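Take a look at the letters that make up each chain.
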There are 2 protein chains.
Amino acid sequence: MSFAELLTQEQVQRIHDAALEILEEVGLKVRYEPAREIFAQHGCSVEDERVKFPPAVIEKYRKMYAPSFTFHARDPKFDKTIPRDSPVIVTASSAPNIIDPVTGVERRAESGDIAQIAHLINELPGYDMFSISTLAEDAPADQFTISRLYPALKYCLKPIRVTTTDHKDTLAMMQMAYIVAGGEEAYKEHPFLTHHYCPTVSPLSMDKLSAENVIYFASEGLPVYPTIVPNAGLTSPMSMAGTLAQGNAEFLATATLMQMVKEGTPTIYATLATVADMRSGAYTSGAIECGMLHMAFAQLARFYNVPCGGYVGLTNSKLNDAQAGYETGMSAMGGTVGGMDMFNIGGLIDALTTFDFAKAVIDDEVAQMMKRVKHGISFNEEDLALDLIKQVGPGGSFIVAKHTIARMKTEAVMTKLADRDARTVWVKKGSTDIQTKAMKRVKDIMASNTTPLLSPEIEEKLRAEFPGMVAGELLPIA
Amino acid sequence: MSFAELLTQEQVQRIHDAALEILEEVGLKVRYEPAREIFAQHGCSVEDERVKFPPAVIEKYRKMYAPSFTFHARDPKFDKTIPRDSPVIVTASSAPNIIDPVTGVERRAESGDIAQIAHLINELPGYDMFSISTLAEDAPADQFTISRLYPALKYCLKPIRVTTTDHKDTLAMMQMAYIVAGGEEAYKEHPFLTHHYCPTVSPLSMDKLSAENVIYFASEGLPVYPTIVPNAGLTSPMSMAGTLAQGNAEFLATATLMQMVKEGTPTIYATLATVADMRSGAYTSGAIECGMLHMAFAQLARFYNVPCGGYVGLTNSKLNDAQAGYETGMSAMGGTVGGMDMFNIGGLIDALTTFDFAKAVIDDEVAQMMKRVKHGISFNEEDLALDLIKQVGPGGSFIVAKHTIARMKTEAVMTKLADRDARTVWVKKGSTDIQTKAMKRVKDIMASNTTPLLSPEIEEKLRAEFPGMVAGELLPIA
């Protein structure tokens, strides 16, 4: 596929130059002393907290960006490398709330919910990675991250994306990973966690905890990437071009730090860029401008020859209504044909604040459509079928042709949820909407293959290491 | 914008060559004697009903295709020319059924419904053209088309797309148009109807009535275009490449006929191509493959330098649920960034069989997003806002900048229906979905600007010319 491009190559170059100018003249406010030291040691000027970047420094390190990024899974058959395996479909993550699958009422999310979601994502074929969808309100003090990671590991063998708070939290998480892998060395041979942070906060600031974590994982040679989150009108200019220029400067600064820590460290040009709705200040991750910004950032990533991705295909709706559908669908399609490699897309409603089981199942079907588009149009002489066209002739039918029968299950996505019945059949089946069908699928999945994916021995070791750890059990959905 | 392309240029050329081969060796079965005569007189070979096309004939006439097509409106401020004004957003049309806006129950559509829909489309800013959305079950015998056209003209000043049955029906329609325009000459100076037919039926057949109408309008110099409708697995090969090859042959044959009738006749490379769901034989106008085929046909249209369009962004759902949203959104976005000029998209559910008022209003919002994407990223030094970025600096805010205030209503689509409220606000407002908000908008529009757009004098002339004509009155929506 030749990707859709909203920017000309001259404009891409201009955004690169503008970012260099911003980094040289304004630079970043870096609130973490060791990061400032790294910058200083590698050619940046540092004055108080302000770090400024000579263009030659940015140019030197951007030649070191790795051209690919691998998401490892506990079961290596789920490993994915971008851009080769793109689009890689990931759950959107870290929502504080959830729509309770039994009552349908919104409430705080807990660790038991994460177990259910992990199982669901493990079973749904459209998803390639589980970025832990919610927080866990019931996490014991000092077990913030392991209370989320444990249920995820217990029910999902796909790559898991996770974030942490302070360094102690990070070390606890790694301890858990080492136990599950059978030791630190075994883990590091196939690191099934992908670490994610937002160290650079728009506009142009780098925080302490996230920067510390990014530096730690980059120096350890473990998979980590940052997301850049400018919000036009609030934390970047109320213009897509200005938001791209500032966001690009923020990406370059962060990626440069990672290369300074360890040359050749793989990273992702990942973004969650939006244009604020200034009528209310609303965060519009469902707006079409969010999709457009991501298409443009994908062009910048190609300019740097680095894989890209981000939060696109989200919705502001509180329900699985038509709005949730078209907001997800339009930006997801834009990102797909715009050449994005990774999509943090699945399962969240209400502008990333709430997980919904039905939405996750519906997004799985959307994901399969995105993959169909990327797979493209198969094109050889057999596909062209000229002999068949000649043979069938004017007014004939292709329905019984061998060519048809051989391809009827592969040429098109065999949808599971989308209603394609005649109206009479649909009425007989209960006149249901896709929300109803999606919740039925959720319940079916929750009732099958529910064996935990951690052995009793591992369970025992984890409980010994982390006393008071959450149960992480699957709750039945009646 | 640089458009997304699913085919390489070599593949486009191969499809062109394949179409020439099909037209030379198989040709078309043409069931209308005068069409066969035209083909014979202009270099085709005709044997019984079979017309075969030497490649030189196709190549000669394709150089005559006009590079643009104009949709005239009764009010010239609504005139649109593609590709210049693309995307031109049109209602999808000719559904036999409607969701009753008062009861919510599906029933046969009538002429009064068309009056309501015409008024709605006239008022909704996202729509550029009204292709009469439904049939009229209450049409008197021999008034099939004027029973649909009259309510459309009474309440809509935008370009109107219409189809007819036999030549008598066509002449009655033109008589109505002449009366409304103030005479045949006045009408022909600014022909506010766009005529549409599907003369070529897949595979490779040309019918009598539609061919007769296309020849008539082309010879009269009035705006007319055909749509090509292959359905992979049933009326074309179960492969996108084969469907493109055959569909392209069908387009070329039809366009060649139009040029033989009158050289330089404007036309549109218009399509409604689908891949059948062979599990049930379902017509899948909501499937992603429909969107992909249209993106590819748009590439073929660019190869021929002729404007393109078609039925894309439709749904198989019976409701305005998430399925209706993502099916519409994904293919609409694919078509937009794939370079389609015209979209027959708005208002229909259930695979083109049923009109729904709420869907039409929701599609209006989708249309505005499509136009935002096509408008693209504004890019000059003021957009880049480097001075502002430097001035605000790390950790600052853009919220009160003049640059922000000047652009906050133009940089992003000011959505009317999409919910962007905080959850607490949304709950206070009644926890409504977009369907509820859309029906409220329908009722608001139905209650305002309801003056008929035909003068009493014209009304009188029409009633004298067409005794027993339908009332075409707006019905109140309680």
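Counting restarts for each chain: residues are numbered from 1 in the order of the written sequence. To label them, take the chains in the order written and letter them from A, then take the ligands in the order written and number them from 1. Thresholds applied to this predicted model are a pLDDT of at least 70 for local features of residues and 80 or more for the giving and counting of side-chain atom pairs; totals over whole chains, interfaces and linings are not thresholded and use all residues.

### Description of the overall build of chain A
Comment: elements are numbered from the N terminus, with helices defined as DSSP H or I runs of at least four residues and strands as E runs of at least two. Tallying secondary structure elements over chain A gives 18 helices and 21 strands in all. At 23 Å, chain A has a C-alpha radius of gyration in line with the 23 Å of a compact globule built from 478 residues. C-alpha atoms of chain A, sized along the principal axes, occupy 75 × 60 × 50 Å. Sequence separation of at least 24 residues holds for 74% of the intrachain contacts in chain A that already meet a minimum separation of 6. With the radius of gyration taken over C-alpha atoms, the globule rule is written as 2.2 Å times the number of residues to the power 0.38. Here the contact rule is simple: place C-beta atoms from the backbone, and any two residues whose C-beta atoms are within 7 Å are in contact.

### So, helix 8 (residues 208–220) of chain A
Residue and element names in this part refer to chain A. With 13 residues, helix 8 extends 18 Å from end C-alpha to end C-alpha; this agrees with the ideal 18 Å at 1.5 Å per step. For helix 8, every residue scored as buried is listed here: Ser-210, Ala-211, Asn-213, Val-214, Ile-215, Phe-217 and Ala-218. On the buried face of helix 8, the contacting elements are helix 2 (33–41), helix 6 (167–181), strand 11 (193–197), strand 13 (205–206), strand 14 (224–228) and helix 9 (240–261). A positive backbone phi angle near 75 degrees is found at Gly-221, which sits one or two residues after helix 8. Given the number of residues in a helix, its expected span is that number minus one, multiplied by 1.5 Å. Here the C-beta atoms are placed from the backbone, and a residue counts as buried if at least 20 other C-beta atoms lie within 10 Å of its own, exposed if 12 or fewer do, and partly exposed otherwise.

### Notes on the sheet that holds strand 20 (residues 348–349) of chain B
Residue and element names in this part refer to chain B. Pairing between two strands is assigned when DSSP locates at least 2 bridges connecting them. In spatial order, the strands read 8-7-21-20; together these 4 strands make up an open sheet with mixed pairing. Of all strands in the sheet, those with a lone pairing partner are strand 8 (106–108) and strand 20, marking the two edges. In the sheet, strand 7 (residues 97–99) pairs with strand 8 via 3 bridges, with the strands oriented antiparallel. Considered in strand 8, the bridge of Asn-97 is made with Arg-108.

### Here we look at the sheet that holds strand 3 (residues 50–52) of chain B
Strand order in the open sheet formed by 5 strands is 2-3-1-13-12 (chain B), and the pairing between neighbours is mixed. Each edge of the sheet is formed by a strand with only one pairing partner; in this case those strands are strand 2 (45–47) and strand 12 (200–201) of chain B.

### Structural notes on the confidence of the model for chain A
Reading fine detail from the predicted coordinates is not recommended where pLDDT is low. The pLDDT value tells you how sure the predictor is about a given residue, anywhere from 0 up to 100. Summing up the model confidence of chain A, the mean pLDDT is 97 and the portion of residues at 70 or higher is 100%. Scored by ipTM, the complex comes to 0.97, with pTM at 0.98.

### A few points about the relation of the copies chain A and chain B
Least squares is the method used to superpose the copies, on C-alpha atoms of residues holding a pLDDT of at least 70 in both. Rotating chain A by 180 degrees about the axis while translating it 0.0 Å along that axis superimposes it on chain B, leaving an RMSD of 0.0 Å. In symmetry terms, the pair is related by a two-fold rotation axis. Here 99% of the contact residues of chain A are again contact residues in chain B; the copies associate through an equivalent surface.

### Describing the interface of chain A and chain B
Each partner contributes residues to the interface: chain A has 102 residues there, and chain B has 101 residues. Counting residues per element, the side of chain A that touches chain B draws most heavily on helix 11 (residues 322–337) of chain A, which supplies 12 residues. Split into classes, the residues belonging to the side of chain A that touches chain B amount to 54 nonpolar, 29 polar and 19 charged. Residues are grouped as follows: Ala, Val, Leu, Ile, Met, Phe, Trp, Tyr, Cys and Pro are nonpolar; Asp, Glu, Lys and Arg are charged; all remaining types, including Gly, are polar.

### Some words on the packing of helix 1 (residues 9–25) of chain B against helix 10 (residues 288–304) of chain B
All names here are of chain B. Axis geometry follows a simple rule: fit a line to the C-alpha atoms, using only the stretch in contact for helices, then measure angles between N-to-C directions, giving values from 0 to 180 degrees. Here helix 1 crosses helix 10 at 80 degrees, and the two axes come no closer than 10 Å. Judged on the interaxial angle alone, helix 10 and helix 1 are roughly perpendicular. Taken together, the residues of helix 10 that come into contact with helix 1 (itself represented by Val-12, Ile-15 and His-16) are Gln-299, Leu-300 and Phe-303. Taken together, the residues of the contact of helix 1 with helix 10 break down into 4 nonpolar, 2 polar and no charged. Each angle is binned into one of four classes, with values under 35 degrees roughly parallel, values over 145 roughly antiparallel, values of 65 to 115 roughly perpendicular, and all other values oblique.

### Quick word on the environment of A:Asp419
All names here are of chain A. Within the secondary structure layout, Asp-419 lies in the loop between helix 15 (402–407) and helix 16 (423–428). With 25 C-beta atoms counted inside 10 Å, the residue Asp-419 sits in the buried group. Separated by 13 residues in sequence, Asp-419 and Thr-432 have C-alpha atoms that sit 9.0 Å apart.

### Some words on unusual backbone geometry
Of the consecutive residues A:Ser202 and A:Pro203, the connecting peptide bond is found in the cis state with omega at -10 degrees. You can see A:Pro203 is positioned in the loop between strand 12 (200–201) and strand 13. B:Pro87 follows B:Ser86 through a cis peptide bond whose omega is 5 degrees. Turning to its location among the elements, B:Pro87 is positioned in the loop between strand 5 (80–82) and strand 6 (88–91). The backbone phi angle of A:Ser94 is positive, close to 65 degrees, even though this residue is not glycine. Relative to the assigned elements, A:Ser94 resides in the loop between strand 6 (88–91) and strand 7 (97–99). Here A:Ser94 falls in the buried class, since 20 other C-beta atoms lie within 10 Å of it.

### Some points on the pairing of strand 14 of chain A
With 5 of 5 residues buried, strand 14 of chain A is to be regarded as a mostly interior element. The alternating pattern of strand 14 of chain A places A:Val224, A:Pro226 and A:Ile228 and A:Tyr225 and A:Thr227 on opposite faces, both of which are buried.

### Focus: helix 6 of chain A
Residues and elements named next belong to chain A. Helix length check: helix 6 (15 residues) gives 21 Å between terminal C-alpha atoms against 21 Å at 1.5 Å per residue, within 8%. All of the buried residues along helix 6 are Thr-170, Met-173, Met-174, Met-176, Ala-177, Ile-179 and Val-180. Structurally, helix 6 contributes buried residues whose contacts are with helix 5 (146–155), strand 10 (160–162), helix 7 (184–189), strand 11, helix 8 and helix 18 (456–465). Phi turns positive, to about 90 degrees, at Gly-182, one or two residues after helix 6.

### A word on the pairing of strand 11 of chain A
All names here are of chain A. The buried count for strand 11 comes to 5 of 5 residues, which makes it a mostly enclosed element. The side-chain alternation of strand 11 yields two buried faces, one formed by Leu-193, His-195 and Tyr-197 and the other by Thr-194 and His-196. Note: strand 10 against strand 11, 3 bridges, orientation parallel. Directly across from Val-162, in strand 11, lies its bridge partner His-195. Sheet analysis places strand 11 next to strand 14, joined by 3 bridges and oriented parallel. Paired with His-196 across the two strands is Tyr-225, which belongs to strand 14.

### Some thoughts on the environment of A:Val180
All names here are of chain A. Note that Val-180 resides in helix 6. Classification of Val-180 as buried rests on a count of 23 C-beta atoms within 10 Å. A C-alpha to C-alpha distance of 28 Å links Val-180 and Gly-309, two positions 129 residues apart in sequence. Excluding residues that lie within four positions of it along the chain, Val-180 makes contacts with Leu-153, Leu-454 and Ile-458.

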